[in-house]
Every structure is written in structure tokens, then in C-alpha cells.
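Inside the fold
Chain residues, written in single-letter form:
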Amino acid sequence: MPYIREIITDGHPTLRKVAKKVDLKELDDPLFQQLIDDMFETMYAAPGVGLAAPQVNVSKRMFVIDVNDDEHDPAVVINPKIELAEEEVELTEGCLSVPGYVGEITRFARVAVSGLDRNGEKIRLEGGGLFAQCLQHEIDHLNGVLYIDKAKNVRLPQTDEEREIAETAEA
Ligand code: NI
């Protein structure tokens, strides 16, 4: 059974580490598969649209994403790599590890990311909008970067839209 793990917040040293690449052998470990299930459970409970392993205090290069649109299925991405990034845009963003705040950040409008699924098969995710924003946000987590490092005007949310971003943070 999956269970909800604690999401660590800004100030915890794990969030600032460069996470380690996942070894293919780890995929056979039931505890690793459990971690993936737990990350989905934790993301949905938060609620959030993405969650990176360092946020549950596991310094490995993997994240889960579910932006709940018609174009993209929920996914876990292991050892992700950005293959394509196009056109810069300024977006409002929050983070489950920086609860209650939002800020303005420059992101790429469209990205493609390659990596492995939970069975070790190669996958490629591509898209724009919130999906692209979230992919970049989660990969930043794997490099020890929080959005507040790059964002302008980090603040308590002022509008309903900003409150929603703060509450369903990530992105
Ligand atoms: Ni985050």
C-alpha cells in the first residue's frame, strides 16, 4: 500500500543537494517501486501537480508529474534530461517545499524531456503550459534549486488565481 510521506521544506539540506542518478538495478528493488507509489500518493494528497524525490528526503534523480489535463498522462520520470527548450515566458509559480508563497519566474514555454519509466523503458515527454513549467520545476529540484532562487517578487498570494497556485503548488 502506498503511503503519504512528509514533504520537507526550504531550510532542509536535502533540498540543496544535487540528487544522484538512479542506477538501473534499483528499479528491481520493491522499496524503489514503493517509493514511486508513495510519491504519487504524496503529490495527490498535497495536492500538487508534481513532486521530486528530494522533496520526500530521497536524493535521487526522479519525479512524478500529473497536471491533470487531457494531453498528458500521470508519469514518473527517472534520470530526466531536457532535450529541447523553446521560447522564454514569465510565469507565476509556487512550490510544495516553500508553502504559501508565489513568485514570478522565467521559464521555457515548451520543453521535451527524456528519461526512464519505472520499468526502465525510455520515455519522452513534451509539452507546453503548466506541463512544461512543472517539468522544469521538478528538474530544478534534482539540481538543488528552488524557484525562489530565480523568482522575482516572492510574496504571499494576493488574488484567487495566485492562491490556487500557492495551494496546488509545484509548479
Ligand atoms: Ni517544488
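Here, the structure is the one placed above.
Definitions and limits used
- Residues numbered from 1 in each chain as written.
- Predicted model: local features only at pLDDT ≥ 70, side-chain atom pairs only at ≥ 80, totals over all residues.
- Heavy atoms only, no water.
- Helix = DSSP H or I, 4+ residues; strand = E, 2+ residues; numbered from the N terminus.
- Rg over C-alpha atoms; globule rule 2.2 N^0.38 Å.
- Buried < 20%, exposed > 50% of the residue type's maximum accessible area, 1.4 Å probe, protein only.
- Contact = heavy atoms within 4.5 Å.
- Areas by Shrake-Rupley, 256 points an atom, 1.4 Å probe, with all protein chains shown as cover.
- Lys, Arg positive; Asp, Glu negative; His and termini not counted.
- Charge placed at Lys NZ, Arg CZ, Asp CG, Glu CD.
- Core = buried A, V, L, I, M, F, W, Y, C linked by side-chain atoms within 4.5 Å.
- Phe/Tyr/Trp six-rings, centres within 6.5 Å; stacked < 30°, edge-to-face > 60°.
- Patch = residues over 30% accessible without salt bridge, like charges linked within 9 Å, V, L, I, M, F, W, Y side chains within 5 Å.
- Salt bridge = Lys/Arg side-chain N within 4 Å of Asp/Glu carboxyl O.
- Arc of directions from axis to C-beta.

Below, the discussion takes up the overall build of the protein chain. Within the protein chain one finds three helices and six strands. Reading the protein chain from its N terminus to its C terminus gives the helix and strand order α-β-β-β-β-β-α-β-α. Over its C-alpha atoms the protein chain spans a radius of gyration of 15 Å, differing by no more than 12% from the 16 Å that the globule rule assigns to 171 residues. Viewed in the frame of its principal axes, the protein chain has a C-alpha envelope of about 45 × 30 × 30 Å. Burial status across the protein chain gives 50% buried among its 171 residues. At a minimum sequence separation of 6, the contacts of the protein chain that also span at least 24 residues come to 69%. Surface exposure of the protein chain reaches about 8,600 Å², of which carbon and sulfur atoms provide 49%. Mean positive and mean negative side-chain charge positions of the protein chain (18 and 33 charges, respectively) differ by 8 Å.

Below, the discussion takes up the nonpolar core. Ranked by size, the top nonpolar core spans 19 residues in total, and within it Met-39, Met-62 and Ile-78 carry the most contacts. Of all the elements in the fold, those that place two or more residues in this core are helix H1 (30-45), strand E2 (62-65) and strand E3 (75-93). Once residues within four sequence positions are removed from consideration, Met-62 is found in contact with Val-22, Phe-32, Leu-35, Ile-36, Met-39, Ala-52, Ala-53, Val-76, Val-77, Ile-78 and Leu-142. Counting 17 residues, the second-largest nonpolar core is a separate cluster that includes Val-49, Ala-52, Leu-125 and Cys-134.

Here the focus is the packing of aromatic side chains. Scanning the entire structure with this criterion turns up one aromatic pair. The interplanar angle of 20 degrees and the centroid separation of 6.2 Å between the aromatic rings of Phe-40 and Tyr-44 together place this pair among those described as stacked. Of this pair, Phe-40 and Tyr-44 are both found in helix H1, four residues apart, which corresponds to roughly one turn of the helix. Judged by relative accessible area, Phe-40 falls into the buried class, the value being 16%.

Once that is clear, we can look at a nonpolar patch on the surface. Together, Tyr-101, Val-154 and Leu-156 line one region of the surface with nonpolar side chains, adding up to about 250 Å² of accessible area. With respect to the helices and strands, the residue Tyr-101 is situated in the loop between E3 and strand E4 (102-116). When its relative accessible area of 35% is taken as the criterion, Tyr-101 is described as partly exposed.

This paragraph deals with helix H3 (residues 160-167). Within H3, burial applies to Glu-162, Ile-165 and Ala-166. The arc enclosing the buried residues of H3, seen along the axis, measures out at 100 degrees, which places them on a common side. Opposite the buried face of H3, by more than 90 degrees, sit the exposed residues Asp-160, Glu-161, Glu-164 and Glu-167. Considering only its buried residues, H3 is in contact with E3, E4 and strand E6 (152-155).

This paragraph deals with the environment of Gly-11. Secondary-structure assignment places Gly-11 in the segment before H1. Considering only alpha carbons, one finds Gly-11 and Ile-148, 137 residues apart in sequence, at a separation of 12 Å.

Below, the discussion takes up the side chain of Thr-14. Of note, Thr-14 is situated in the segment before H1. The exposure class assigned to Thr-14 is buried, which follows from its relative accessible area of 6%.

For the structure on display, the rule yields 14 salt bridges. Across the pair Asp-10 and Arg-16 runs a salt bridge, and its minimum N-O distance is 3.8 Å. Of the charged contacts, one joins Asp-140 and Lys-150 as a salt bridge, the two residues approaching to 2.9 Å between their closest N and O atoms. Residue Asp-140 is found in helix H2 (residues 129-142), and its partner Lys-150 is found in the loop between H2 and E6; the two are separated by ten residues along the sequence. Look at Asp-140 and you get buried, because its relative accessible area is 12%. The exposure class assigned to Lys-150 is partly exposed, which follows from its relative accessible area of 44%. Each of Glu-93, Arg-107, Asp-140 and Lys-150 takes part in salt bridges that share partners, so that together they form one network.

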